Amino acid sequence: FPKNLKYAGPKVRDSEGIVRQFIQQDPSTFKYVSDRLRDDFEIAALAIQLFPKNLKYAGPKVCESEAIVGQALQKCPKVLKYARKRDIKKRYLDQFKDAR
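What you see is a predicted model; the values in this text were computed from it and never measured.

Here is what the cut-offs are and how they apply
- Residue indices begin from 1 for each chain and proceed along its sequence in written order.
- This being a predicted model, a pLDDT of at least 70 is required before a residue's local features are given, and a value of 80 or more before pairs of side-chain atoms are given or counted; all residues contribute to the totals for chains, interfaces and linings.
- With hydrogens and water stripped out, all remaining heavy atoms of the structure feed into the side-chain values.
- Residues enter patches when they are more than 30% accessible in relative terms and free of salt bridges; like-charged ones are connected within 9 Å and nonpolar ones (Val, Leu, Ile, Met, Phe, Trp, Tyr) within 5 Å.
- Residue burial considers only the protein chains on display, and all accessible areas are found by Shrake-Rupley using a 1.4 Å probe.
- Salt bridge, as applied in this entry: a Lys or Arg side-chain nitrogen positioned within 4 Å of an Asp or Glu carboxyl oxygen.
- Charge convention: Lys and Arg are scored as positive, Asp and Glu as negative, and His as well as the terminal groups of each chain are ignored.
- Taken as the charge centre is NZ of Lys, CZ of Arg, CG of Asp or CD of Glu, depending on the residue.
- Comment: elements are numbered from the N terminus, with helices defined as DSSP H or I runs of at least four residues and strands as E runs of at least two.
- Axis definition: a line fitted to C-alpha atoms, limited for helices to the stretch in contact. Angles are taken between N-to-C directions and run from 0 to 180 degrees.
- Should an angle fall under 35 degrees it is taken as roughly parallel, and over 145 as roughly antiparallel, whereas 65 to 115 is taken as roughly perpendicular and any remaining angle as oblique.
- Contacts were defined at the residue level, with two residues in contact if any of their heavy atoms lie within 4.5 Å.
- Throughout this entry, Asp, Glu, Lys and Arg are counted as charged residues, while Ala, Val, Leu, Ile, Met, Phe, Trp, Tyr, Cys and Pro are counted as nonpolar. The remaining residues, Gly among them, count as polar.

Description of a positive patch on the surface
Step number 1: On the surface, a cluster of positive charge is contributed by Lys 6, Lys 31, Lys 53, Lys 56, Lys 78 and Lys 81.
Step number 2: Looking at the element boundaries, Lys 56 is found in the loop between helix H4 (41-50) and helix H5 (60-63).

This is how it looks when you write it as C-alpha cells:
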C-alpha cells in the first residue's frame, strides 16, 4: 500500500476503496486520482465535502452537478470559477449579489 497517492501506479489511483481511504486521510490527494474516479459522484463529493477547492480537479459531469457545486460554494464561494454550467454560475452570482 503506497504512502502517497502521487507516486502510486494507475491501478491504485483507480481503486475506489484505496482512493477513498487516501481522500479521508488527506483530501488534497484527490488531484492524483484517476480521471474515471474524478468524475465519480461519490468519490468527488467526498473529496469536495472535505476540501471544497477539489472542485478544480473534478471531472466534467461532477462540475455540472448543481448539488455538488452548491455544496462546495457554501463552504468556499471562490470555487464558483470551477463550475461548468453557465446557469449554475449565474444563479449563484445573482444570490451573492442579492446577499449584499
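Structure's up, so let's keep going.
Side note on the packing of helix H2 (residues 16-25) against H4
Step number 1: Viewed as axis vectors pointing N to C, H2 and H4 meet at an angle of 5 degrees, and their least axial separation amounts to 10 Å. In terms of axis orientation, H2 runs roughly parallel to H4. Across from Glu 16, Val 19, Arg 20, Ile 23 and Gln 24 in H2, the residues of H4 making contact are Glu 42, Ile 43, Leu 46, Ala 47 and Leu 50.
Step number 2: Split into classes, the residues belonging to the contact of H2 with H4 amount to six nonpolar, one polar and three charged.

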